Amino acid sequence: GAGVSQSPRYKVAKRGQDVALRCDPISGHVSLFWYQQALGQGPEFLTYFQNEAQLDKSGLPSDRFFAERPEGSVSTLKIQRTQQEDSAVYLCASSLPSGSHNEQFFGPGTRLTVL
Amino acid sequence: EDKVVQSPLSLVVHEGDTVTLNCSYEVTNFRSLLWYKQEKKAPTFLFMLTSSGIEKKSGRLSSILDKKELFSILNITATQTGDSAVYLCAVGQAGTALIFGKGTTLSVSS
């Protein structure tokens, strides 16, 4: 079946612009995660959804970052008033609940460059 | 503070060599340890380990977990140029996201 998809794959924004990044998880996966990966670093957790409920947003670096998953499937990560330090690859992952909860499957990521 | 530390950070080997990648962790509420391979795209899942001392194997790759000493190793035998990638170690806690290490960059030369 189809894996996790993300769009756009690449986004260039001018400092101060708002951006929206989309994630389509694997069908049937109720858990959805967003990670930020800076160059040369491992992915760092941003936020987590179980179905439509955002259960953990402790990793969001500022109130400029906002994520939603209104119908429990597609999710959007929005960054307002982008700054240069927001430049990174944004990865989305999904997983089945409970027993295999931690086996997360990743999308290809969106590479955001803020000029 | 929860942390996952990988070593070495980078490694250059010749085709046919065997490599061992290390991952140590200090994490509360440990549930599992996962290895991913990342080329210039999404991390792809390799192994998930939950029990000590049980080796998981897939072709030339194998991994084992030691929950007493809080580490895991990933072995790759008879390396090929296609093994060149960043190998990420991550630890899963109950009910939350994965905590990743910085990764080991493996370069295999022909």
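Scroll up to find the structure.
Reference entry: report on the structure contained in this document. (Residues numbered from 1 in each chain as written. Chains lettered and ligands numbered in written order. Predicted model: local features only at pLDDT ≥ 70, side-chain atom pairs only at ≥ 80, totals over all residues. Heavy atoms only, no water.)

**As for the environment of serine 75 of chain A**
Residues and elements named next belong to chain A.
Then comes step 1: For serine 75, the location among the structural elements is in strand β8 (residues 75-79).
Then comes step 2: Accessibility expressed as a relative area gives 0% for serine 75, which makes it buried.
Then comes step 3: Remark: the alpha-carbon pair of serine 75 and aspartate 24, spanning 51 residues in sequence, is separated by 6.7 Å.
Then comes step 4: Ignoring any residue separated from it by four or fewer positions in sequence, one finds serine 75 in contact with Leu21, Arg22, Cys23, Leu32, Trp34, Phe49, Glu68 and Arg69.
Then comes step 5: From its side chain, serine 75 meets the backbone oxygen of glutamate 68 in a polar contact 2.9 Å long. (Helix = DSSP H or I, 4+ residues; strand = E, 2+ residues; numbered from the N terminus. Buried < 20%, exposed > 50% of the residue type's maximum accessible area, 1.4 Å probe, protein only. Contact = heavy atoms within 4.5 Å. Polar contact = N/O pair within 3.5 Å; in protein donor to acceptor, adjacent residues only side chain to side chain.)

**Observations concerning the environment of glutamate 71 of chain A**
Then comes step 1: In this structure, glutamate 71 of chain A sits in the loop between β7 (65-68) and β8.
Then comes step 2: Through-space distance from the C-alpha of glutamate 71 of chain A to that of alanine 13 of chain A is 28 Å; in sequence the pair is 58 residues apart.

**Re the nonpolar core**
Then comes step 1: Core analysis: the largest hydrophobic core is formed by 22 residues, its most contacted members being Val4, Tyr25, Leu33, Trp35, Tyr87 and Leu106 of chain B.
Then comes step 2: Excluding residues that lie within four positions of it along the chain, leucine 106 of chain B makes contacts with Leu11, Val13, Val19, Ile76, Asp83, Ser84, Ala85 and Tyr87 of chain B.
Then comes step 3: Core analysis: the second largest hydrophobic core is formed by 20 residues, Ile26, Leu32, Leu60 and Ala88 of chain A among them. (Core = buried A, V, L, I, M, F, W, Y, C linked by side-chain atoms within 4.5 Å.)

**Some remarks on the sheet that holds β8 of chain A**
Residues and elements named next belong to chain A.
Then comes step 1: Read from one edge to the other, the open sheet built from four strands follows the order β1-β3-β8-β7, with strand pairing classed as antiparallel. Each having just a single partner strand, β1 (5-7) and β7 make up the two edges of the open sheet. With strand direction ignored, the average angle separating the axes of adjacent strands in the sheet is 15°.
Then comes step 2: As defined by bridge partners, strand β3 (residues 19-24) adjoins β8 across five bridges and the pair is classed as antiparallel. (Pairing = 2+ DSSP bridges. Axes fitted to C-alpha atoms, helices over the stretch in contact; angles between N-to-C directions.)

**Considerations on the packing of aromatic side chains**
Then comes step 1: The full count for this structure, using the stated rule, is 12 aromatic pairs over all chains.
Then comes step 2: Each ring, one from tyrosine 35 of chain A and one from phenylalanine 100 of chain B, has its centre 5.6 Å from the other, and the planes form 90°; the classification is edge-to-face. Here tyrosine 35 of chain A, found in strand β4 (residues 31-37), pairs with phenylalanine 100 of chain B, found in strand β10 (residues 98-100), and the two come from separate chains.
Then comes step 3: On the basis of relative accessibility, which here comes to 0%, the residue tyrosine 35 of chain A falls in the buried class.
Then comes step 4: With relative accessibility at 10%, the residue phenylalanine 100 of chain B sits in the buried group.
Then comes step 5: For the ring pair phenylalanine 65 of chain A and tyrosine 90 of chain A, a centre distance of 6.5 Å and an interplane angle of 40° mean the geometry is tilted. On the criterion of sequence distance, the pair formed by phenylalanine 65 of chain A in strand β7 and tyrosine 90 of chain A in strand β9 (residues 88-95) is long-range, its members being 25 residues apart.
Then comes step 6: Taken together through their ring pairs, the aromatic side chains of Phe33, Tyr35, Phe45, Tyr48, Phe105 and Phe106 of chain A together with Tyr36, Phe45 and Phe100 of chain B make up a single cluster. (Phe/Tyr/Trp six-rings, centres within 6.5 Å; stacked < 30°, edge-to-face > 60°.)

**Topic: the state of the cysteines**
Residues and elements named next belong to chain A.
Then comes step 1: This model, assessed by the stated rule, comprises two disulfides over all chains.
Then comes step 2: Disulfide pairing is shown between cysteine 23 and cysteine 92; the S-S distance is 1.8 Å. On the sign convention where negative means left-handed, the S-S torsion of about -65° between cysteine 23 and cysteine 92 marks this disulfide as left-handed. Here cysteine 23, found in strand β3, pairs with cysteine 92, found in strand β9; they are 69 residues apart in sequence, far enough to count as distant. The exposure classification of cysteine 23 matches that of cysteine 92, with both residues buried. (Disulfide = S-S within 2.5 Å.)

These results come straight from atomic positions and should not be treated as a statement about function.
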